[in-house]
Amino acid sequence: MYLRKPIRSVIPGVQGLVLGVLASTTTPLTGRGIAALLEGDAAQSGVSHVLGGLVESGLVNSEPAGRA
């Protein structure tokens, strides 16, 4: 079990980390913002890939935000 980030015990990898961040906030975030909150536990490219899949599956909403 991962005591620091327990969601990794249920949903392993970057997907679990991203879902953990999203579940803990009501503020809209960019992929870069999520990667920053993960403090080096996941690369921005991995976060973007996971977010793309979550948007495609309908679990996450996406809105254009400037260059983000």
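Residues numbered from 1 in each chain as written. Predicted model: local features only at pLDDT ≥ 70, side-chain atom pairs only at ≥ 80, totals over all residues. Heavy atoms only, no water.

Turning to the confidence of the model for the chain, a few remarks are in order. Residues of the chain with pLDDT of at least 70 account for 91%, and the chain-wide mean is 87. Across the chain, the element-wise mean pLDDT spans from 73 in helix H1 (residues 7-10) up to 94 in helix H4 (residues 44-57). (pLDDT = per-residue confidence, 0-100. Helix = DSSP H or I, 4+ residues; strand = E, 2+ residues; numbered from the N terminus.)

The subject of this paragraph is the nonpolar core. Of all hydrophobic cores here, the largest spans twelve residues; its members are Leu17, Val18, Val21, Ile34, Ala35, Leu38, Ala42, Val47, Val50, Leu51, Leu54 and Val60. Looking at this core, the elements with two or more residues in it are helix H2 (13-23), helix H3 (31-37) and H4. Residue contributions to this core peak at four residues, all from H4. Excluding its chain neighbours within four sequence positions, the residues that come into contact with Ala42 are Val14, Ala35 and Val47. (Core = buried A, V, L, I, M, F, W, Y, C linked by side-chain atoms within 4.5 Å. Buried < 20%, exposed > 50% of the residue type's maximum accessible area, 1.4 Å probe, protein only. Contact = heavy atoms within 4.5 Å.)

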